[in-house]
Amino acid sequence: MSKKSFNPFTWRTNTKALWISFLLPTILMVGYFAYRHMAPFGSNSILTVDLGQQYVDFYAGFKQTLLHHPTDLIYSFTKGLGGETYGDWAYYLLSPFNLLLLPFSNVQLPAAIMFLTAIKYGFASLSMAFAVRQMRWQSGWPIVVFGSIYSMMGWFVANDLNLMWLDAAILLPLIVVGLERFIDGRSHWRFTAFLTLVFIVNYYMAYMVGLFLVLYLIWRLFWQPYTLKERAWIVGKFSFGAVMSIGLSTFIWLPTARALMDSKGQHMLEGLKNQFAYNPPDFISKFFLGTFNFEQMKAGLPNIFVGSFVLILVWFFFTYREIRWQTRLSALFVTIVLVVSMMYDPMNIAWHGFSFPVWYPYRFSFVFSFWLIWIAASVWSEQIRFNWRQLAGFLLVVLMGTTWVIYRLHHFDFLTMIQIIIGLGFLLMILLLQQLPFRGWWWKGLLGFVVILEMFLSTVWTLDNFSYLNNDEYQTTIKAINAGANKLPATNGKDFYRVAKSFQRTKGDPLQGDFNGASTFSSALEHQQSDFMAVIGQPEGDNYVTYDGGTLLTDSLLGMRYLMAPNDATPSVLGNPSDLATYPRFDTFGNYSSYAETSKVLITQNPNALPIAFAADQAALNFKPRLNDPLGNQNQLWSDLLGDQKDDVITSSNFTETTGQNVQIPAVITGAFLTKNNADADGSITLSYQKQATGPSYLTIGASISNEDMTITVDGKNLQAIPDHRHTIVLPLPNDGEVGGTHTIKLFMLKKNLWLQDVSLYTLDTNKLNDQATDLKAHSLKISKMTSTKIVGKIDLPQGSNLLMSTIPDARGWTIYVDGKKVNSVTISKFFLGAVTAPGEHTVEYRFKAPLLHSGGIVTIGFILFLVGLGWSENAKRRHSFHDNPLQ
C-alpha cells in the first residue's frame, strides 16, 4: 500500500465523505456528552433508565462470562436463583461492538458506554452514507448529510440508551443495499451476511427488519416495468437470501424461541384491543424537533423525526410525475401500512412479536424513518425544485398539519410553541434554499449545514430531557460491591453458595459482584422464578425478582450462606450501601456470625445455609402453595422436606396493643378497613408486639398496600419505601432488647381509606430451625466439580429420605444422572429440580444444555456447508466458462 493512501488529503472525495460521515456524528455526540459532564469528562454519567438499572449490569456480566465463566453464556446462577442465559445474550449482549467494553472494569463502564454510544451514532451515519453511495443516488458531500440525518433521527436519539437495538438500525441500510445488489445480478453474500448478522445480534429487532423487507420488496417489484417472470425472479432471489439467513442464524433464534416460551411467550396478545391507540392526526406532532421526554418513554407516540429536508424530498417524490406512477403508488402503499401500524393496536402488536412492549412503544418506527430517508436520498439532486403546484400543495399540507398540532398542543407534554416555531423556521429556510434559482459555491455547504444543524438541535433538545445517574454515585456503589465480593471465599469449582443483600443499587448487583444472589431484571426471565418468589413473599414482576425480605428459613433453604449489609458506621453519601438500604435484616442479628467487613459493607455468615442439593422426604412432592400466604408456604414446604414434622418453625402471633390517631381501632387487624375520621387530618395506627424468646418476628403486608397508601416506621425509625409487589410480601422486624420488651409499628395513612390486607405478625423459632437445618445438612451433596452447567458430587440418601432435593430451578435442559445413569427428574413446589432414587451412597451429576441449541447448531452447519458447496460450484462454473470461451 502506498504512503499516499494514508494521507487524507490525497483521498478521493467519496472516501473523505465516508470518513466524515462517521466522524461528524461521533464527534458531535462526544462533544455533547462532554458538555453534560459525563464520565470521563465530569461527575455525571450516561447511565439513565434501563441503561443504568439493567444493561450496565449485563455488560459487567458480559466481561466476567467471556474472561472467567464461559458456561454462564448458557446458564447462570446470577440470574435470580438460576436461569437459562442464552436467550439473555441473544437479546442483550451479542453486538460485536460490546467487545470494545472488555478493556474496562465495571467501575469504568459508564465512560466506556459513553464512547460506545457515540461510536454507534457514527456507524449509523456511515452505514446510510455508504448505502446511498452504493445505490449511486448520491456521491461526495451529500452522503454526509443523509448519513447524519439517519444517525440523528428521532428514533435513534430516543433509544440511544437501548444500545442493543441500535445495531439493527446500523445494519438496515447495508441489508437493503445488499438486496439491491443481489437483485441487480451481483452476489447474494452481502445481503445474506448482513441479514444473518442482524438475526444474530438481536433477533427481536431482526424480526422487525424482516417484516419491513417484505414491504420493501413489494415496492421494489414496481420500481421498474418488470415482466411477471422478472418479478418472480426478484421474489425468488429475496426468498433465497432470507431463507439462507434464517438458516445460518438458527443456532441463535431456535433455542432463544424455546426460552421465550417460558418468559415473554406467557404474555402474547395480552391486552390486545381492536382500536387506534391515539388520535391518528396526533402522529404529525412527532415530525417536529425534540419531541421526546420521560413520559414518552412509558407510553408515547412513535419517534419519527427525520428533519425538514427529508419531508420536503418525500413530498417531491410522491408529486413528481417523471417517477413512474406504479412506483409512487406502491411506495404510498408501504408508507400507509407503516403509518397505520404505528397507531392501530392489532398491527402494532404484530410488529412486536405479538406482545406489547413494556415502555418504549413503537420500537419498530426506525424502519419508517429509514424508509422516508431512503426515498429522499433516491430523488435529491442539486437541480430539483418544486413547481408551483408542488409548492402550493406542500405549503397547504404544512399549514393543515401545523394548525392541527397547535389546536391539540395542550395534549402534548413533549411539544411547545417554541419547538413549532423553530421547526417551521428550519422547514421554510431549507425550502427556500432548495427553491433558490441561483446557487453559488456556497449553496450546497449552507444547505448541508442547516440540515445537520436542525438534526443536531433536535438531538440536544431530546437528550436534555433525560436525567442521568451521577458517576461518582455509581462508582461508589460498585466499588463497595466489589470490595464485599472480594471478601467472599473462592469456590474453586468445588463449592456453591448464594449471597443475600440488604442494600441494592439494582436487581443486577450479583452480575456486578460476580456472585450468586437471588435478584435479577431480565426481559427473558422465566415466569417460574416470579411465581416462586411470590410463593415465599418476595417482590416480583414479569421481568424481575428481588430478595428483599428473606427470612431465616428461606435463607437456609436457598443456601444463602452470606449476607451483605450496609456498614452503618459509614456516613450516608450518595452511592454508599447505607444510602441504598432495603429492609434491614433484623432477624439475622445474633443469629448470623460476623465473617468480614469493609469500610462500607458488613458480611455475616449463616450457619444453617443448606447446600445446593440434599436428601429430603418425598412428602415435598405433594407441596401445594397457598395464594398470599408466604410464611405459611415457607413453613409447609420446610416441614414437607423434613417429612411432615408437627412442630412449625414459623407461627402466627398477636399484636399486644393497638392504638390509633384519627381512626377507629378495629377488633381484628388483618383485613381491616380503616377510614380517617377527618379526611384532611393525619391518620395512623400503631401496632405493638413483644420480643419473643423463641426468635425474630416478621410482618406481612398484602398486594393492595403500596407507597401511595401508607408509610411505615418501626420503633420511631422510617423503614424503606414499600417495594412494588403483586402478592403478599414479608418484612423482617426488630428483635433487639430484653425478652418481653415492646416494639411498635406505626402505619401512616396517605389516603382517606386503607385496607390492611394480610397485615399479620409471625414469629420464627430459631432453635427448631437450627435443629431441623442440621438434620437436612447431614445428608448433603459433596461437590467435586462444578460449573454453571455441570455439577458433580456424592451424596448418601438415608432410608425414608430418598428425594434428591436441589435448589436448582427446574427448567428444560437439566438432566440428572445417578451413578452414571440418567434418571427421571421431578419438580418440587412447581420450581425446584429433584429426583427420587434409592437410598444409599450415590454419585450424582446435573447437566444443563440449552434446549434446541444442538439442533440449531446442526441446522446452521448444514446451511454453511450448503453455501460453501454452492460457492465452490459457482466458481467452478465460472472457470469452466472462461476456459471454454473461444474469444479468449
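Being a predicted model, the structure only gives us computed values, none of them experimental.

Caption draft 1: Structural detail: the overall build of the protein chain. Per the secondary structure count, the protein chain includes 26 helices and 28 strands. The C-alpha atoms of the protein chain give a radius of gyration of 31 Å, which matches the 29 Å a tight globule of 888 residues would have. By the burial criterion, 56% of the 888 residues in the protein chain qualify as buried. Partitioning the contacts of the protein chain with sequence separation of at least 6, the portion at a separation of at least 24 is 77%. Counting every atom, the protein chain has about 36,700 Å² of accessible surface; 59% of that belongs to carbon and sulfur.

Caption draft 2: Examining the packing of helix α13 (residues 308-319) against helix α16 (residues 365-379) more closely. One can describe the packing of α13 onto α16 by two numbers: an axis separation of 8 Å at closest approach and a directional angle of 70 degrees. For the element pair α13 / α16, the angle class is roughly perpendicular. Both α13 and α16 take part in a crossing whose hand is left-handed. From α13, Val310, Leu313, Val314, Phe316, Phe317 and Phe318 reach across to α16, where they touch Leu372, Ile373, Ile375, Ala376, Ser378 and Val379. Grouping the constituent residues of the contact of α13 with α16 by class yields 11 nonpolar, 1 polar and no charged.

Caption draft 3: Representation of the packing of aromatic side chains within the structure. All chains considered together, the criterion is met by 59 aromatic pairs. Taking the centre distance of 4.7 Å and the plane angle of 65 degrees together, the rings of Trp137 and Trp374 count as edge-to-face. On the criterion of sequence distance, the pair formed by Trp137 in the loop between α4 (109-134) and α5 (142-151) and Trp374 in helix α16 is long-range, its members being 237 residues apart. A single burial state applies to Trp137 and to Trp374, both of which are buried. Chaining the aromatic ring pairs together yields one cluster made of Trp137, Tyr150, Phe212, Tyr216, Trp219, Trp223, Phe370, Trp371 and Trp374. One cation-aromatic arrangement involves Lys286 over Phe414; the distance from NZ or CZ to the ring centre is 4.7 Å. Across the ring face of Tyr544, the terminal group of Lys507 is positioned such that the distance to the ring centre comes to 4.8 Å.

Caption draft 4: How the structure looks around the sheet that holds strand β9 (residues 613-616). What the 4 strands build is an open sheet, ordered β9-β23-β27-β26; its pairing is antiparallel. Looking at the sheet topology across the chains shown, the edges are occupied by β9 and β26 (825-828). Within this sheet the neighbouring strands show an average axis-to-axis angle of 35 degrees, counted without direction. In this structure, strand β23 (residues 803-809) lies alongside strand β27 (residues 832-836), joined through 4 bridges in antiparallel fashion. Within β27, the residue paired with Leu804 across the bridge is Ala835.

Caption draft 5: Quick peek at the pairing of strand β8 (residues 601-605). In the sheet, strand β6 (residues 560-566) pairs with β8 via 5 bridges, with the strands oriented antiparallel. Note on β8: the bridge partner recorded for Ala565 is Leu602. Two elements, strand β7 (residues 593-597) and β8, share 4 bridges in a ladder whose sense is antiparallel. Residue pairing for β8: Ser594 is matched across the bridge by Thr604.

Caption draft 6: Seen up close, the pattern of salt bridges. The final tally for this structure, using the stated rule, is 20 salt bridges. One salt bridge in this structure joins Asp282 and Arg408, with 2.7 Å as the shortest N-O distance. Of this pair, Asp282 sits in the loop between α11 (250-260) and α12 (294-299) while Arg408 sits in the loop between α17 (388-407) and α18 (417-435), and the two are 126 residues apart along the sequence. Neither Asp282 nor Arg408 differs from the other in exposure class; each is buried. One salt-bridge network, held together by shared partners, links Lys79, Asp88 and Glu526.

Caption draft 7: Quick peek at the sheet that holds β8. Here 4 strands make up an open sheet; going across it, the order is β3-β6-β8-β7 and the pairing mixed. In this open sheet, the two edge strands, each paired with only one partner strand, are β3 (498-501) and β7. Strand-to-strand, the axes of this sheet are offset by a mean angle of 30 degrees, without reference to chain direction.

Caption draft 8: View of the nonpolar core. Ile113, Phe309, Phe366, Trp371, Trp374, Ile612 and Tyr846 are the most contacted members of the largest nonpolar core, which has 188 residues in total. The element best represented in this core is helix α7 (residues 163-183), accounting for 16 residues. Discounting residues that sit within four places of it in the chain, Ile612 has contacts with Phe77, Phe496, Leu781, Ile783, Met786, Ile791, Met805, Ser806, Thr807 and Ile808. Phe532, Val545, Ala773 and Phe831 belong to the second largest nonpolar core, which has 41 residues in total.

Caption draft 9: Structural detail: helix α22 (residues 527-535). Within α22, the full set of buried residues consists of Gln529, Ser530, Phe532, Met533, Ala534 and Val535. In this structure, the buried side of α22 is in contact with β2 (83-84), β5 (544-545), α24 (630-642) and β27. Once α22 finishes, Gly537 follows within two positions and takes phi at roughly 85 degrees, a positive value.

Caption draft 10: Up close: a nonpolar patch on the surface. Judged by side-chain polarity, Phe438, Trp441, Trp442, Leu446, Phe449 and Leu453 come together as a nonpolar surface patch covering roughly 730 Å² of accessible area. Within the fold, Trp442 resides in the loop between α18 and α19 (443-463).

Caption draft 11: Structural view of the side chain of Asp640. With respect to the element layout, Asp640 can be found in helix α24. With no salt bridge to any partner, buried Asp640 finds its closest opposite charge in Arg626, at an N-O distance of 8.4 Å. Side chain to side chain, Asp640 and Gln636 meet in a polar contact 2.8 Å long. Contact partners of Asp640, with chain neighbours within four places excluded, come to Asp617, Ala619, Ala620 and Phe623.

So, how was this worked out
Residues numbered from 1 in each chain as written. Predicted model: local features only at pLDDT ≥ 70, side-chain atom pairs only at ≥ 80, totals over all residues. Heavy atoms only, no water. Helix = DSSP H or I, 4+ residues; strand = E, 2+ residues; numbered from the N terminus. Rg over C-alpha atoms; globule rule 2.2 N^0.38 Å. Buried < 20%, exposed > 50% of the residue type's maximum accessible area, 1.4 Å probe, protein only. Contact = heavy atoms within 4.5 Å. Areas by Shrake-Rupley, 256 points an atom, 1.4 Å probe, with all protein chains shown as cover. Axes fitted to C-alpha atoms, helices over the stretch in contact; angles between N-to-C directions. Parallel < 35°, antiparallel > 145°, perpendicular 65-115°, else oblique. Left-handed = near helix turned anticlockwise from the far one by under 90°. Nonpolar A, V, L, I, M, F, W, Y, C, P; charged D, E, K, R; others polar. Phe/Tyr/Trp six-rings, centres within 6.5 Å; stacked < 30°, edge-to-face > 60°. Lys NZ or Arg CZ within 6 Å of the ring centre and 35° of its normal. Pairing = 2+ DSSP bridges. Salt bridge = Lys/Arg side-chain N within 4 Å of Asp/Glu carboxyl O. Core = buried A, V, L, I, M, F, W, Y, C linked by side-chain atoms within 4.5 Å. Patch = residues over 30% accessible without salt bridge, like charges linked within 9 Å, V, L, I, M, F, W, Y side chains within 5 Å. Lys, Arg positive; Asp, Glu negative; His and termini not counted. Polar contact = N/O pair within 3.5 Å; in protein donor to acceptor, adjacent residues only side chain to side chain.

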